[in-house]
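Remarks on the overall topology
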Amino acid sequence: MKWIPADIEMYNGAKDFVDTVLIPLAPISLDSQMKQSSSMYEFLAILSAEIERQFKGRILLMPSLTYLMEEERNYSYANSWAAKLRGNNFKHVFFLSCDSEWKRCESELEGGLIWIPSLPLEHLELAQARSLVSEQVRQVMEIFTLNWEKAI
């Protein structure tokens, strides 16, 4: 389910079944890394939308948490989101990022970190891009499934 009124209405009627939340972590840069951060953002948006589509009714896709690439990763801000979501009955909180810097503070995060390297989609044919994204989604699906099985 996406963070849009129609899906939130559906979520309100099915809260007992939606136990997982996905929060994309989107870097923004306005200097020499602008193109790289915009490429990461594009890939992250496409990937998270496809994950949401595959797991509609089980996952709530939150809006991206954006941050400046040049600054230290603020895990405490991300953790405040995770705590608030857990307080609202989400058993599984996952952060999705293409920024390898999040791996350095992964142990500080109060949610699972799914790190996937960004793939520059702008130079690919549509069929190639879909195939690459589908493969990444398959890997994320395995992570979710393993976590859900552990919780049973």
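Higher on the page you've got the structure.
Cut-offs used in this document
Each chain carries its own residue numbering, running from 1 in the written order of its sequence. With the structure being a predicted model, the display of local features is reserved for residues of pLDDT at least 70 and the display and counting of side-chain atom pairs for 80 or more, all residues being used for whole-chain, interface and lining totals. Neither water nor hydrogens contribute to the side-chain values; these are computed over all heavy atoms in the structure. What makes a patch is a set of residues exposed beyond 30% relative accessible area and free of salt bridges, joined within 9 Å when like-charged and within 5 Å when nonpolar (Val, Leu, Ile, Met, Phe, Trp, Tyr). What sets the accessible areas is the Shrake-Rupley method with a 1.4 Å probe; for residues, cover comes only from the shown protein chains. Each reported salt bridge corresponds to a side-chain nitrogen of Lys or Arg within 4 Å of a carboxyl oxygen of Asp or Glu. Starting at the N terminus, helices and strands are each numbered in turn, a helix being any DSSP run of H or I of at least four residues and a strand any DSSP run of E of at least two. When accessible area is computed with a 1.4 Å probe and restricted to protein chains, residues below 20% of their type maximum are described as buried, those above 50% as exposed, and intermediate ones as partly exposed. One less than the number of residues in a helix, times 1.5 Å, gives the span that helix is expected to have. Contacts were defined at the residue level, with two residues in contact if any of their heavy atoms lie within 4.5 Å. Two rings belonging to Phe, Tyr or Trp (six-membered ring only in the last case) form a pair when the distance between their centres is within 6.5 Å. Interplanar angles under 30 degrees mark stacking, angles over 60 mark edge-to-face geometry, and anything in between is tilted. Only when the NZ atom of a Lys or the CZ atom of an Arg is both within 6 Å of the ring centre and within 35 degrees of the ring normal do we say a charge sits over the ring.

This part takes up a nonpolar patch on the surface. Taken together, Ile-28, Leu-30, Met-34 and Leu-68 make up a surface patch of nonpolar side chains, about 370 Å² in accessible area. With respect to the secondary-structure elements, Ile-28 resides in strand 1 (residues 20-28). According to the relative accessible area criterion, Ile-28 is partly exposed, its value standing at 34%.

Now for helix 2 (residues 34-54). For helix 2, built from 21 residues, the straight-helix expectation of 30 Å at 1.5 Å per residue is met to within 8% by its first-to-last C-alpha distance of 30 Å. Buried within helix 2 we find Ser-37, Ser-39, Met-40, Phe-43, Leu-44, Leu-47, Ser-48, Glu-50, Ile-51 and Glu-52. Taken together, the buried residues of helix 2 touch helix 1 (5-13), strand 1, strand 2 (59-61), strand 4 (92-97) and helix 5 (126-151).

Quick look at the packing of aromatic side chains now. One pass over the full model with this rule turns up six aromatic pairs. Plain terms: the ring middles of Phe-55 and Trp-148 are 5.2 Å apart, the flat faces sit at 85 degrees to each other, and that makes the pair edge-to-face. Placement of Phe-55 in the loop between helix 2 and strand 2 and of Trp-148 in helix 5 is noted, with a sequence separation of 93 residues between them. Residue Phe-55 shares its accessibility class with Trp-148, and that shared class is buried. By way of ring pairs, the aromatic residues Phe-55, Phe-94, Phe-144 and Trp-148 are connected into one cluster. When the ring centre of Trp-148 is taken as reference, the NZ or CZ atom of Arg-58 above it lies at 3.8 Å.

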